[in-house]
Amino acid sequence: MPTSPTSFLSDVTDSKAVIPEETLAYFRERLRHKFYDFIVSGFLEKEKNNQLTRADLARRLHKSREQITRWLASPGNWEIDTLSDLTLGIFCGELHDLSALPFADMKPRNSRTTAIAVEKK
């Protein structure tokens, strides 16, 4: 893993540069956690407001309650179909768009914020 922020950013901002395997692995894990945080925070908000339970979500997605519990327990290696199903089941058809922000344009942030913005339409 690169040691300085400058070399780390140059790994990904130069469109012709080969991205090192360590950098690819880091960003895969980072994005996996960001999607997990998005899904789980959405579910917890609905659960807190008595709008959705694990049993409700399981029924909506034709899954067992145990499967829903496993999915919500940790940021596993979800397939895109799993992300789609969970997003649809939790957000009940609300449209969410993903957009990416260039690293060079980003301001310093804490570890709980994301470079992937999710906008509700």
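One can find the structure itself at the top, above this paragraph.
Since the structure is predicted, the reported quantities are computational estimates derived from the model, not experimental observations.

J.: I would appreciate a short explanation of unusual backbone geometry in the present structure.
T.: If a residue is not glycine, its phi is most likely negative; likewise, a peptide bond is most likely trans. For Asn50, which is not glycine, the phi torsion reads 55 degrees and is therefore positive. Secondary-structure assignment places Asn50 in the loop between helix H2 (21-48) and helix H3 (54-61). The backbone of His62 sits at a positive phi, close to 60 degrees, despite the residue not being glycine. With relative accessibility at 73%, the residue His62 sits in the exposed group.

J.: Just to check I follow, could you spell out the pattern of salt bridges for this structure?
T.: For side chains of opposite charge, pairing can occur when their charged atoms come near one another. Tallied over the full model, the rule gives three salt bridges. Residue Arg59 pairs with Asp56 through a salt bridge whose shortest N-O separation is 3.1 Å. You can see Arg59 and its partner Asp56 sitting in helix H3, three residues apart, about one turn around the helix.

J.: What is the right way to look at the nonpolar core in this model?
T.: Soluble, globular proteins show a tendency: their nonpolar side chains are buried together. Membership of the largest hydrophobic core comes to 16 residues, with the highest contact counts inside it found for Ile39, Leu57, Ile68, Trp78, Leu86 and Ile90. Going through the elements one at a time, H2, H3, helix H4 (65-73) and helix H5 (80-91) are the ones with two or more residues in this core. Beyond its immediate stretch of four places on either side in the chain, Trp78 contacts Phe35, Tyr36, Ile39, Trp71, Leu83 and Leu86.

J.: How do you make sense of H4 when you look at a structure like this?
T.: Regarding H4, the residues found buried are Ile68, Trp71 and Leu72. Projected down its long axis, H4 carries its buried residues within an arc of 90 degrees, all on one side. H4 presents Glu66, Arg70 and Ala73 as exposed residues on the side facing more than 90 degrees away from its buried surface. Buried-residue contacts for H4 involve H2, H3 and H5.

The rules behind each value
- In this convention, every chain numbers its residues from 1, walking through the sequence in written order.
- Predicted model: local features are reported for residues with pLDDT of at least 70 only, side-chain atom pairs are reported and counted for 80 or more only, and whole-chain, interface and lining totals are derived from all residues.
- The basis for the side-chain values is all heavy atoms of the structure; hydrogens and waters are excluded.
- Helix numbers and strand numbers start at the N terminus; a helix is a DSSP run of H or I with at least 4 residues, a strand a run of E with at least 2.
- Relative accessibility decides the category of a residue: with a 1.4 Å probe and only protein chains considered, values under 20% of the type maximum give buried, values over 50% give exposed, and everything between is partly exposed.
- Salt bridge criterion: a side-chain nitrogen from Lys or Arg within 4 Å of a carboxyl oxygen from Asp or Glu.
- We call a set of buried Ala, Val, Leu, Ile, Met, Phe, Trp, Tyr and Cys residues a nonpolar core when their side-chain atoms join them within 4.5 Å.
- Contact criterion: two residues are considered in contact whenever any of their non-hydrogen atoms come within 4.5 Å of each other.
- It is the directions from the helix axis to the C-beta atoms that the arc portrays.

This is a description of form; function is not addressed.
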